[in-house]
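Take a look at the letters that make up each chain.
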Amino acid sequence: MLRLPRLLAATASVFAIGSIAVAAQAGDKEVSRQVSFGGSCVKCELSGRNLSGARIIGANFSGATMVGAVLRDAKLHASVFVGADMTKADLSDAAMTGANFSGANLTSARLRSTEANGVVFGSANLTRADLSDAEATGAMFGRAILTNAIMNSATLRGVVFELANLDHASLNDISAAGANFTRAHMNGTTLKSAELQGANFGRVDANGASFQDADLTGAILAGGDFSHASFRSADLTGANLTGASFDGADFRDADIAHTTLVGVDLSGARGLTQNQVDEACADTRTKLPRGLTGRGCAGGVRWIMHHEPMQTTIRMVPAVPAVPAMAATPAPPALPSPRYFTSIYR
């Protein structure tokens, strides 16, 4: 008895997506709202179509052309848009949990206030895309192009940006605790007042990036290039900066308490004071601005390390009188040589 309702539902879903395809082929700009649980519209031509409020769940739009399409407030859960061209598409307020946009072209697309939890944007082109106020916890942006993208006030907790291009992107006021930015390009990226607790910026190229007023508590910045970056008033408590470079970086009023500075080159950093450095953990390889002295940390014990060249000190010590030699003990008399007697008997 349960097979008939399931069959009807499946049939309805096919017809629903099918009607979108038919409308696309007919050239209709207005596509009526559809309720769907699946279906396929692979390589459909939907450019400029109005799909506002559509419910397209589990559908396949791989390779579709949707330039300038309007999908405001649409439900796109678990749908596939792999390789689709969605340049300048409007997906504001859309819900797309679990959707896949791998390799899609979303240049200048609007995704403001979208619900994109767990969405895959791997290798997608999001140049100049607007994701402000988006909810994208656990989303995947690995190798994505986000040049000049706007993600202000977005929720990006646990998001993966590994090897992504975020050059000149705006991520101000984001909530991205535990996010992974490993080896990302972040030249000129702004992350002002961002929540980045425990985030991983290992080996990033963040030349000229701004972390002003950001919370980087426990974050990993190891091996990264942060030349000319701004950390003004940032909280780097407990962060790991091992082996990173900060030539020309600004640390004015930054909190670096318990921050690991092992092997860090801060010789060209600006705004650092001795009070700040006193709270951090350095080692003999740490390079600090002239006049500052690092402190080591191990097992709760701290010691001061001076980098000034060693000075040789000569002390005049009065000579100690020589101890007279002990008289030699006379050698015992030599024993007489033994004599041998030979008796001859006849």
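Parameters and conventions
- Residues numbered from 1 in each chain as written.
- Predicted model: local features only at pLDDT ≥ 70, side-chain atom pairs only at ≥ 80, totals over all residues.
- Heavy atoms only, no water.
- Helix = DSSP H or I, 4+ residues; strand = E, 2+ residues; numbered from the N terminus.
- Buried < 20%, exposed > 50% of the residue type's maximum accessible area, 1.4 Å probe, protein only.
- Contact = heavy atoms within 4.5 Å.
- Areas by Shrake-Rupley, 256 points an atom, 1.4 Å probe, with all protein chains shown as cover.
- Polar contact = N/O pair within 3.5 Å; in protein donor to acceptor, adjacent residues only side chain to side chain.
- Salt bridge = Lys/Arg side-chain N within 4 Å of Asp/Glu carboxyl O.
- Disulfide = S-S within 2.5 Å.
- Phe/Tyr/Trp six-rings, centres within 6.5 Å; stacked < 30°, edge-to-face > 60°.
- pLDDT = per-residue confidence, 0-100.

1. Points about the overall build of the chain
Across its full length, the chain carries two helices and four strands. Ordering the α and β elements of the chain from the N terminus gives α-β-β-α-β-β. Taken across its 346 residues, the chain has 43% of its residues classed as buried. Counting contacts in the chain only where the partners sit at least 6 residues apart, residues at least 24 apart contribute 3% of the total. Split by element, the accessible area of the chain, about 18,000 Å² in all, is 54% carbon and sulfur.

2. What to know about the side chain of Asn-180
Tracing the backbone shows Asn-180 in the loop between strand E2 (55-56) and helix H2 (274-278). Of the polar contacts made by the side chain of Asn-180, one reaches the side chain of Thr-182; its length is 2.5 Å. Aside from chain neighbours lying at most four places away, what touches Asn-180 is Val-159, Val-160, Phe-161, Glu-162 and Asn-200.

3. Topic: the pattern of salt bridges
Overall, the coordinates contain seven salt bridges when judged by the stated rule. The partner of Lys-75 in a salt bridge is Asp-73, and the shortest N-O contact between them spans 3.8 Å. Notably, a salt bridge pairs Arg-285 with Asp-283, separated by 3.0 Å at the nearest N-O pair. On the basis of relative accessibility, which here comes to 53%, the residue Arg-285 falls in the exposed class.

4. Some points on the state of the cysteines
With the rule as written, the count across this model stands at two disulfides. Paired by a disulfide, Cys-41 and Cys-44 hold their sulfur atoms 1.8 Å apart. A torsion of -105 degrees about the S-S bond marks the disulfide between Cys-41 and Cys-44 as left-handed. When its relative accessible area of 10% is taken as the criterion, Cys-44 is described as buried. A sulfur-sulfur distance of 2.2 Å marks the disulfide that ties Cys-281 to Cys-297. On the sign convention where negative means left-handed, the S-S torsion of about -90 degrees between Cys-281 and Cys-297 marks this disulfide as left-handed. One end of the pair, Cys-281, is in the loop between H2 and strand E3 (294-298); the other, Cys-297, is in strand E3, with 16 residues separating them in the sequence. Using a relative accessible area of 15% as the deciding quantity, one classes Cys-281 as buried.

5. Structural notes on the packing of aromatic side chains
Considering all chains together, one arrives at 15 aromatic pairs under this definition. Relative to Phe-121, the ring of Phe-101 lies with its centre 5.4 Å away and its plane at 15 degrees, an arrangement referred to as stacked. One end of the pair, Phe-101, is in the loop between E2 and H2; the other, Phe-121, is in the loop between E2 and H2, and 20 residues separate them in sequence. Residue Phe-101 shares its accessibility class with Phe-121, and that shared class is buried. Aromatic side chains Phe-121 and Phe-141 sit 4.8 Å apart centroid to centroid with 10 degrees between the ring planes, which places their arrangement in the stacked category. Placement of the pair is Phe-121 in the loop between E2 and H2 and Phe-141 in the loop between E2 and H2, with a sequence separation of 20 residues.

6. Considering the confidence of the model for the chain
Considering every residue of the chain, the mean pLDDT works out to 85; 75% of them sit at 70 or more. Scored below 50 in pLDDT, residues 299-303 makes 13 contacts in the model with residues more than four places away or belonging to other chains.

7. With respect to unusual backbone geometry
In this structure, Ser-123 is a non-glycine residue whose phi angle is positive, near 60 degrees. As for its position among the elements, Ser-123 is in the loop between E2 and H2. The partly exposed category is assigned to Ser-123, whose relative accessible area is 46%. You will see that His-228, though not glycine, has its phi angle at about 60 degrees, which is positive. Locating His-228 in the fold gives a position in the loop between E2 and H2. When its relative accessible area of 48% is taken as the criterion, His-228 is described as partly exposed.

8. A few points about the environment of Phe-231
Here Phe-231 is to be found in the loop between E2 and H2. Judged by its relative accessible area of 0%, Phe-231 is buried. C-alpha separation for the pair Phe-231 and Ala-254, spaced 23 residues apart in sequence, amounts to 6.3 Å. Look past the residues within four positions of Phe-231 in its chain and what remains in contact with it is Phe-211, Leu-216, Leu-221, Phe-226, Leu-236, Phe-246, Asp-250, Phe-251, Arg-252 and Ala-254.

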